[in-house]
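Chain residues, written in single-letter form:
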Amino acid sequence: MSDEQTTDLPPDHLSIDPRSEHFDAEKLQRGVAIRFKGRVRTDIEEYSIPESWVRVQAGKTVDRKGRPLTIKLNGPVEAWYEDLGEDAPVNKKD
């Protein structure tokens, strides 16, 4: 890949939780789309492409601090930036 394409790929691991070490507001604001098991999902809390998993909210259940409980689902994960349009480069496990 060229250097220009690698900068247009989302990170391998990203979270929407500001307390997470994998949180990056600039990349999230840009708009990251996720395809999990062949279906585009909009309810992803966190993902890891190399480890092939995503975290999604477990219904409306919250912990004692009011944070949503999440469950980890395993399967193929692909990520791309929505602002690049239809032909955006996709970050996926090879």
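Above this note sits the structure.
Residues numbered from 1 in each chain as written. Predicted model: local features only at pLDDT ≥ 70, side-chain atom pairs only at ≥ 80, totals over all residues. Heavy atoms only, no water.

### Points about the overall build of the protein chain
Keep this limit in mind: Helix numbering and strand numbering both begin at the N terminus, where a helix is a DSSP run of H or I of at least 4 residues and a strand a DSSP run of E of at least 2. Put simply, the radius of gyration uses C-alpha atoms, and a globule should come to 2.2 Å times the residue count raised to 0.38. Remark: exposure states derive from per-residue accessible area (1.4 Å probe, protein chains only) relative to the maximum for the residue type, with buried under 20%, exposed over 50%, and partly exposed in between. In this analysis, two residues are considered to be in contact whenever any of their non-hydrogen atoms come within 4.5 Å of each other. Only the protein chains shown count as cover for residues, and the accessible areas themselves come from Shrake-Rupley with a 1.4 Å probe. In this tally Asp and Glu are treated as negative and Lys and Arg as positive; neither His nor the chain ends contributes. Charge positions are represented by NZ for Lys, CZ for Arg, CG for Asp and CD for Glu.
Summing up its helical and strand segments, the protein chain has 2 helices and 8 strands in all. By the compact-globule yardstick of 12 Å for 94 residues, the protein chain fits well, its C-alpha radius of gyration being 14 Å. Taken over 94 residues, the protein chain has a buried fraction of 30%. In the protein chain, the proportion of contacts linking residues at least 24 apart, taken out of those at least 6 apart, comes to 51%. Approximately 6400 Å² of the protein chain is accessible, and the part contributed by carbon and sulfur atoms is 45%. One way to put it: in the protein chain the 15 positive side-chain charges average out to a point 11 Å from where the 19 negative ones average out.

### Considerations on the layout of surface pockets
To keep it simple, the criterion reads: Points on a 1 Å grid over protein atoms alone make up a cavity when a 1.4 Å probe fits among them but cannot get out, and a pocket when they form an open set with protein on both sides within 12 Å along at least five of seven lines; lining residues each have an atom within 4 Å of a point. Grid points are joined across faces, edges and corners, and a volume is the space filled by probe spheres set on the points.
The volume enclosed by the largest pocket comes to roughly 230 Å³. In this structure, the second largest pocket encloses a volume near 190 Å³. When contributions to the lining of the second largest pocket are tallied by element, the ones reaching two or more residues are strand E1 (13-15), strand E2 (32-36), strand E3 (39-41) and strand E4 (44-48).

### Some thoughts on the side chain of serine 20
The criterion, for reference: Definition of a polar contact: a pair of N or O atoms within 3.5 Å, with one able to donate and the other able to accept a hydrogen when the atoms are protein atoms, and with sequence-neighbouring residues admitted only if both atoms are side-chain atoms.
Tracing the backbone shows serine 20 in the loop between E1 and helix H2 (25-30). Reaching out from serine 20, the side chain makes a polar contact with the backbone nitrogen of histidine 22 at a distance of 3.0 Å. Non-local contacts of serine 20, meaning those with residues more than four positions away in its chain, are made with Ser15 and Glu46.

### Quick word on the pattern of salt bridges
The line we're drawing: By definition, a salt bridge exists where a carboxyl oxygen of Asp or Glu is found within 4 Å of a side-chain nitrogen of Lys or Arg.
Applying the stated criterion across every chain yields a total of 7 salt bridges. Arginine 30 serves as the salt-bridge partner of aspartate 8, at 3.6 Å between the closest nitrogen and oxygen. Here aspartate 8 is found in the loop between helix H1 (3-7) and E1, whereas its partner arginine 30 is found in helix H2, with 22 residues between them in sequence. In this structure, arginine 35 engages glutamate 78 in a salt bridge whose closest nitrogen and oxygen atoms are separated by 2.5 Å. Remark: glutamate 78 occurs in strand E7 (residues 77-81) and arginine 35 occurs in strand E2; sequence separation between them is 43 residues.

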